[in-house]
Amino acid sequence: MTVRAIRGAIQVDANDRDAILEGTAELVSAVLSRNDLTTDDVISVLFTMTQDLTAEFPALAARKLGFHAVPLICATEIPVPGAMPRVVRLMAHVETDRPRAEIQHVYLRGAAALRLDIAQ
């Protein structure tokens with residue numbers, strides 16, 4: 001097994017607890033399914049959110065998906081003028097047999113515009 005990092009992001013509809021949890025769950029689930037992973041394959045996940053999202057921690061959504069033994073951390077992004085609003089990002093460190101070229105980074109909803117070169 002090799003350790004790989006997987007990036008992802010999703011734009012949520014509002015600074016609302018349910019919107020953050022639902023969007024984060026969608027993102028985490030897509031990262032797992034597109035890379036054929038289970039929670040046992042995940043070493044850790046770093047979540048960031050734009051400063052306009054304060055209603056809930058995205059890690060809670062991961063916990064609800066079964067990430068009970070996985071270290072998770074949440075942070076606020078730097079306030080870059082003109083940055084896309086309401087974005088939850090993640091970087092997951094995983095164990096996988098996939099070569100780097102086969103890792104699927106996941107950018108959903110409006111966040112797909114952030115990385116058109118790798119968005120799925």
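Counting restarts for each chain, with residues numbered from 1 along the sequence as it is written. The model is predicted, so local features are restricted to residues of pLDDT at least 70 and side-chain atom pairs to those at 80 or more, both for listing and for counting; the totals for chains, interfaces and linings are taken over all residues. Each side-chain value is derived from all of the structure's non-hydrogen atoms; neither hydrogens nor water enter the calculation.

**Some remarks on the pattern of salt bridges**
Salt bridges, as used here, are contacts in which a Lys or Arg side-chain nitrogen is within 4 Å of a carboxyl oxygen on Asp or Glu. One pass over the structure, following the stated rule, counts four salt bridges. For arginine 17, the salt bridge identified is with glutamate 56, shortest N-O distance 2.7 Å. With arginine 17 in helix 1 (residues 17-34) and glutamate 56 in the loop between strand 2 (42-49) and helix 2 (59-64), this residue pair connects regions lying 39 residues apart in the sequence. Here arginine 109 and glutamate 22 are joined by a salt bridge, their closest N and O atoms 2.9 Å apart. A residue pair is termed long-range when its members are at least 10 positions apart, and arginine 109 in the segment after strand 5 (106-108) and glutamate 22 in helix 1 qualify at 87 residues. Assessed through its relative accessible area of 33%, arginine 109 is described here as partly exposed. By relative accessible area, which is 41% here, glutamate 22 ends up partly exposed. Overlapping salt bridges, with partners in common, bring together Glu22, Glu26 and Arg109 in one network. Elements are defined by DSSP. Helices are runs of H or I of four residues or more, strands are runs of E of two residues or more, and each kind is numbered from the N terminus. Note on exposure labels: buried denotes an accessible area under 20% of the residue type's maximum, exposed denotes more than 50%, and partly exposed covers the range between, all computed with a 1.4 Å probe on protein chains only.

Nothing here speaks to function; it is geometry throughout.
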